[in-house]
Structure formats: structure tokens, C-alpha cells
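Spelled out, the chains give:
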Amino acid sequence: VFGFYLIIQLKGLLGVPSLEIFQPQDQAVVSPEIAVEGRTDPTASISINGQKIKKNRNGTFSQTIGLSEGVQTVTVSATGQNGKTTEVVRTVQVKK
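What you are looking at is a predicted structure, and each value in this text was computed from that prediction instead of being measured.

Q: Describe in detail the pairing of strand E7 (residues 70-79), supporting the description with residues and values.
A: As defined by bridge partners, strand E4 (residues 45-48) adjoins E7 across 4 bridges and the pair is classed as antiparallel. Bridge pairing links Ile-48 to Val-76 in E7. The pairing of E7 with strand E8 (residues 85-94) spans 10 bridges and is antiparallel. Bridge pairing in E8 places Ala-78 opposite Thr-86. Connecting the antiparallel pair E7 and E8 is a turn made up of 5 residues, with Gly-83 showing a positive phi of about 90 degrees.

This is the structure in C-alpha cells:
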């Protein structure tokens, strides 16, 4: 049991946080207001296009953002307690 605990602690200190984005899908056609949804490690902080957002205790998050018409990128970053970051970039086509 102690060995398992030690492995988990070392992963948190040395590794990058996990980051999974459910919405939007890459290359999706979307409206000007979209929901960005995903999951990360419970201890990580999350930002979307540079704006820090809140997440649930289990690491899931959902945030509505506004985008201008045309091809836009949505950048989601998860930063662990160790300062290491995982980033996912999605490109979307915004149409009214």
C-alpha cells in the first residue's frame, strides 16, 4: 500500500497532468458561443484561452466561451502542482 502511495505522489511531482477534451471536437463547425468540456487531474488548474476557470472536485470542467466568426483556436491548459503543463489546442470554424 505504501509503495502504491509513493508511486502516485511521484507521478504528481514529476509528471504532467492528464487532460482530455470532450467538446469541442477538432475541426468542428460551431456557433459563436460554445461549451468547452473536459477532464484533468483533480489537483490541476485549468485555463481556456489564457483565462483560468473553475473545475469540479473530480477534475471535470465545463465552461461556455464566446468566439468571433471564422476559424478560431481554443487552447485548454492544465497546470499541475509541480508547475508542469499539458495543453490541447482545438481549431473550430465559427458560423452564425
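On we go from here.
Q: I'd like a rundown of the sheet that holds strand E3 (residues 33-40), residues and numbers included.
A: Strand order in the open sheet formed by 3 strands is E1-E3-E6, and the pairing between neighbours is antiparallel. Every other strand in the sheet has two partners, leaving strand E1 (19-23) and strand E6 (60-66) as the edge strands with one partner each. In this sheet, neighbouring strand axes are inclined to one another by 25 degrees on average, regardless of whether the strands run parallel or antiparallel. In this structure, E3 lies alongside E6, joined through 7 bridges in antiparallel fashion. Of the residues in E6, the one forming a bridge with Arg-39 is Thr-60.

Q: Quick rundown of the sheet that holds E8? Include the residues and the values.
A: Pairing within the open sheet is mixed, and its 5 strands lie in the order E2-E8-E7-E4-E5. The outermost strands of the open sheet, each flanked by one partner alone, are strand E2 (29-30) and strand E5 (51-53). Note that E4 and E5 share 3 bridges and pair antiparallel. Considered in E5, the bridge of Ile-48 is made with Gln-51.

Q: Please provide a residue-by-residue account of the nonpolar core, values included.
A: Grouped burial of nonpolar side chains is what soluble globular proteins tend to show. Within the largest apolar cluster, 19 residues are counted, with the highest numbers of intra-cluster contacts made by Leu-19, Val-36, Phe-61, Val-74 and Val-76. Mapped by element, the contributors of at least two residues to this core are E1, E3, E4, E6, E7 and E8.

Q: Tell me about the side chain of Ser-77, and please be specific about residues and values.
A: Within the element layout of this structure, Ser-77 appears in strand E7. There is a polar contact of 3.4 Å between the side chain of Ser-77 and the side chain of Glu-87. Beyond its immediate sequence surroundings of up to four residues, Ser-77 is in contact with Leu-19, Ser-45, Ile-46, Ser-47, Thr-85, Thr-86 and Glu-87.

Q: For the environment of Phe-22, give the residues involved together with the corresponding values.
A: Relative to the elements of secondary structure, Phe-22 occurs in strand E1. Judged by its relative accessible area of 30%, Phe-22 falls in the partly exposed class. C-alpha separation for the pair Phe-22 and Arg-39, spaced 17 residues apart in sequence, amounts to 8.0 Å. Ignoring any residue separated from it by four or fewer positions in sequence, one finds Phe-22 in contact with Glu-37, Gly-38 and Arg-39.

Conventions we followed
- Residues numbered from 1 in each chain as written.
- Predicted model: local features only at pLDDT ≥ 70, side-chain atom pairs only at ≥ 80, totals over all residues.
- Heavy atoms only, no water.
- Pairing = 2+ DSSP bridges.
- Helix = DSSP H or I, 4+ residues; strand = E, 2+ residues; numbered from the N terminus.
- Axes fitted to C-alpha atoms, helices over the stretch in contact; angles between N-to-C directions.
- Core = buried A, V, L, I, M, F, W, Y, C linked by side-chain atoms within 4.5 Å.
- Buried < 20%, exposed > 50% of the residue type's maximum accessible area, 1.4 Å probe, protein only.
- Polar contact = N/O pair within 3.5 Å; in protein donor to acceptor, adjacent residues only side chain to side chain.
- Contact = heavy atoms within 4.5 Å.

Any functional reading would require information beyond the geometric quantities listed.
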